[in-house]
Amino acid sequence: MFNDIGPLELVTLVVLAVLVFGPDKLPKVVQDVSRFIRKVREFSDNAKHDIRRELGPEFKDFDFEDLNPKAYLRKQLENDDLKEIRSSFDFRQDLNDVADAVNGKEPSASTPAAVNGSPGTGDRLRKRETVDTGERPPFDADAT
């Protein structure tokens, strides 16, 4: 709960509490706050217990942390099925085809995509320095 509060901030809060409530009322305020926090925890524990009881035995392993969007996404992204699906997407060939279309070349389905910078295919996304004779220069949308 207080993982992001540093020691200097904690000292500042204590000094501020002493100034606001005074040294004689501060112990009573601390007791009241701790009692309030204890009651809120008891209330939330009772609510969780009631919800688990009402859901029935099918949801006995239900964890309320699964309702947190960060925890849900983390759990889903660690799933092996998603890793397999993610690894099946390889957009290198599509990028090369788009680069060919932009440069005015005909995309070829037989040309293998460059894998991890393998030699022989070159970088098709990089601009060429010169244009071959008789070839129209590629359209550059940023230049217009």
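In this text the structure is predicted, and so the values were computed from the model without any measurement.

Counting its regular elements, the protein contains five helices and zero strands. Across the protein, the fraction of contacts at a sequence separation of at least 24, relative to all contacts at a separation of at least 6, is 22%. Working note: accessible area of the protein is about 13,100 Å², and carbon and sulfur atoms make up 60% of it.

On inspection of all chains with the given rule, the structure shows four salt bridges. Among the ionic pairs, Lys 28 bridges to Asp 32, the shortest N-O distance being 3.4 Å. Here Lys 28 and its partner Asp 32 are both found in helix α2 (residues 26-55), four residues apart, which amounts to about one turn of the helix. With a closest N to O distance of 3.2 Å, Asp 50 and Arg 53 form a salt bridge. Of this pair, Asp 50 and Arg 53 both sit in helix α2, three residues apart, which is roughly one turn of the helix. Each of Lys 28, Asp 32 and Arg 35 takes part in salt bridges that share partners, so that together they form one network.

Within helix α5 (residues 92-102), burial applies to Asn 96, Ala 99 and Asp 100. Within α5, the buried residues cover an arc of 100 degrees as seen down the axis, which keeps them to one side. Directly beyond the C-terminal end of α5, a positive phi value near 85 degrees is found at Gly 104.

Side chains of Ile 5, Leu 10, Leu 13, Val 14, Leu 16, Val 18, Val 20 and Phe 21 sit close together on the surface and give an oily, nonpolar patch of about 700 Å² of accessible area. Inspection of the secondary structure assignment puts Phe 21 in helix α1 (residues 7-21).

A few words now on the confidence of the model for the protein. In this model, the protein carries a mean pLDDT of 76, and residues with pLDDT of at least 70 account for 69%. Ranking the elements of the protein by mean pLDDT puts helix α4 (residues 80-88) last with 65 and α2 first with 92. With pLDDT under 50 throughout, residues 113-120 is counted as low confidence; its partners more than four residues away or in other chains account for eight contacts.

About the cut-offs
Residues numbered from 1 in each chain as written. Predicted model: local features only at pLDDT ≥ 70, side-chain atom pairs only at ≥ 80, totals over all residues. Heavy atoms only, no water. Helix = DSSP H or I, 4+ residues; strand = E, 2+ residues; numbered from the N terminus. Contact = heavy atoms within 4.5 Å. Areas by Shrake-Rupley, 256 points an atom, 1.4 Å probe, with all protein chains shown as cover. Salt bridge = Lys/Arg side-chain N within 4 Å of Asp/Glu carboxyl O. Buried < 20%, exposed > 50% of the residue type's maximum accessible area, 1.4 Å probe, protein only. Arc of directions from axis to C-beta. Patch = residues over 30% accessible without salt bridge, like charges linked within 9 Å, V, L, I, M, F, W, Y side chains within 5 Å. pLDDT = per-residue confidence, 0-100.

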